[in-house]
Structure formats: structure tokens, C-alpha cells
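Report on the structure
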Amino acid sequence: MTVRITTEDFDAGREIAALRANDRRVGAVASFIGTVRDVNEGESVSAMTLEHYPGMTEKALHAIVEEARTRFDILDALVVHRVGHLAPADQIVLVAVTSAHRGDAFDACRFIMDYLKTRAPFWKREATPAGARWVDTRVSDDEAAARWESEP
Amino acid sequence: MPDSSHAAVGVTIDLVYLARLREAFGRGSERVTLAAGSSVGALLEELRARGEPWSRELAPGRAFRVAVNHDIAGLDATLGDGDEVALLPPVTGG
């Protein structure tokens, strides 16, 4: 289980290859990549700064991955999240999960992402024509995370 | 006299403000001394009593969370000497 916060870009292919390297139990790899859109809430976005709370971020992400491990039958998981200055089309986050079968890999990947969105201390600040603004939380993110509370 | 030395000792905590709250308060951190046994709720009351912008940003019903030593904590959590207490706006990562 690996969690990494970085200002550098990542190579998803290389990360996934390392995650499943030499593990013959793996029959499924599910991954998700989040990227910077050039439009948010009706405003064009020219740049973004991602801030986090060092120390708590790593702790929160490890707790989320551990929770995924108790809920799903997975072999390994990786979370890479970038911070600092980003531009539209840049990669922000990578979540990858290995499992014997696809069901647990898909579910665990989605679970980690949904919990990350609502529990990991990251904040986005966007540069728009109207000035810089902190991104607002989405109700849909809370709903996505809450979905896992009611399911076994 | 047993225990008399424990009376009325304050606790000093390190407050950390993140993202929008850091901007609103014009600082990223500060050291605050509270009465011994103070809770997270008591800390928030003390901060609100400073007036604007504290009273507005930390008003009951505003969306923010409190973390004590990197774990989300409730209003009734008791603060200890040397605790790192962070005020977090709603998170927007991913």
C-alpha cells in the first residue's frame, strides 16, 4: 500500500507496472486518473494551485486505503496526488488497485477516490478571468462518499 | 498536599489555518494558551469572541472541520498541551 504526495507529474503506466510487478496472484488492475479541466462552475480556468495539510494528508490517505482493504478483497493499492501549480489537462491524482478479480478492483478504486474527495485535506484554488477563487465542495461528492456508508 | 500543584495550569496549543481560512485570518498558524481541560468547542468560542473575521468564518453552521494532531475531532474533544489543532475548510482534492 503506497501513498505519495508530490509536485511532480506521474507516469501511470510505470506506476501500475510497479504496483503489480511479480505478483502472480493479480488478475485485475483498476485505475483512475483525475485531471485539470479548463472550465469549472461556468468559468474558464487558466491555472490551479493545489494545497494540502502535510502530515494529515498522508495519514488520511493511509486510513482510506486501509479501509478499502477491510471492505474489499484487494492485493495492493497506490495513491499518487499532486500538489502545487497545475494547468488545464495536467494530471492531478492516480489511484490504482490490484486484485484477483475485477469486481473488487473496480469497487476499491472507486471507494478510495470517493473517500479521498471528501476526507483527504486537499484544497484547489483556481485562476479564472474573474480572479482567483477557492473551489467549492460539491454536494455530489458527499453523496458519492455517503453511498458507501449504506452499502455493506 | 496531594494534587494541589495540578490546579489551574493552562494548555498551549498550535493552531493551524488551511486554505481559505488561512487567507481570511491573514496567518497560517499561531500559538494559543487556553484554560486546562478546554475542549475544541471552547477553543472555537474563544476564537469567535475575537470578532471579525473569526466570528463570521467560524460561526455555527459554517462548513469547516477541526483536526487535532491530524485526526478529525468533535466539539467535545479535550485539548492537551502541545496539541496541533487545525481548522479545515471543506476539502476539494482529487
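Anything mentioned here points back to the structure above.
A brief look at the structure comes next. (Residues numbered from 1 in each chain as written. Chains lettered and ligands numbered in written order. Predicted model: local features only at pLDDT ≥ 70, side-chain atom pairs only at ≥ 80, totals over all residues. Heavy atoms only, no water.)

Moving on, we get to the interface of chain B and chain A. Taken together, the 21 residues of chain B in the interface contact 25 residues of chain A. For the pair chain B and chain A, the two sides together bury roughly 1800 Å², of which 55% comes from carbon and sulfur. The tally of links from chain B across to chain A stands at three salt bridges. Here chain B is connected to chain A by 16 residue pairs in polar contact (both at pLDDT 80 or more). Of all elements in the fold, only α1 (19-25), β3 (65-68), β4 (71-73) and β5 (84-88) of chain B reach the threshold of two or more residues within the side of chain B that touches chain A. The residue makeup of the side of chain B that touches chain A, split by class, is ten nonpolar, five polar and six charged. (Contact = heavy atoms within 4.5 Å. Buried area = accessible area lost by both parts, 1.4 Å probe. Salt bridge = Lys/Arg side-chain N within 4 Å of Asp/Glu carboxyl O. Polar contact = N/O pair within 3.5 Å; in protein donor to acceptor, adjacent residues only side chain to side chain. Helix = DSSP H or I, 4+ residues; strand = E, 2+ residues; numbered from the N terminus. Nonpolar A, V, L, I, M, F, W, Y, C, P; charged D, E, K, R; others polar.)

Turning our eyes to something else, we now look at the sheet that holds strand β7 (residues 84-86) of chain A. All names here are of chain A. Spatially, the four strands line up as an open sheet ordered β7-β5-β9-β10, and their pairing is antiparallel. At either margin of the open sheet sits one strand with a lone partner, and together these are β7 and β10 (131-134). Adjacent strand axes in the sheet meet at a mean angle of 25°, parallel and antiparallel pairs treated alike. The sheet contact formed by strand β5 (residues 47-52) and β7 spans three bridges and is antiparallel. Pairing of Met48 across the sheet is with Leu86, part of β7. (Pairing = 2+ DSSP bridges. Axes fitted to C-alpha atoms, helices over the stretch in contact; angles between N-to-C directions.)

We now examine the sheet that holds strand β1 (residues 2-6) of chain A. Residues and elements named next belong to chain A. Within the open sheet, the four strands sit side by side as β1-β6-β8-β2. Their pairing is mixed. In this open sheet, the two strands that pair with only one neighbour each are β1 and β2 (28-35). Strand-to-strand twist across the sheet, computed as the mean angle between neighbouring axes with direction ignored, equals 10°. Bridge count between β1 and strand β6 (residues 74-82): five bridges; the pairing is parallel. The partner of Thr6 across the bridge, within β6, is Arg82. Along the sheet, helix α1 (residues 12-20) contacts β1, β2, β6 and β8 (91-99); its crossing angle with β8, the most-contacted strand, is approximately 25°. Docked against the sheet, helix α3 (residues 102-119) engages β2, β6 and β8, running at close to 145° with respect to β8.

None of the figures reported here should be taken as evidence of function without further support.
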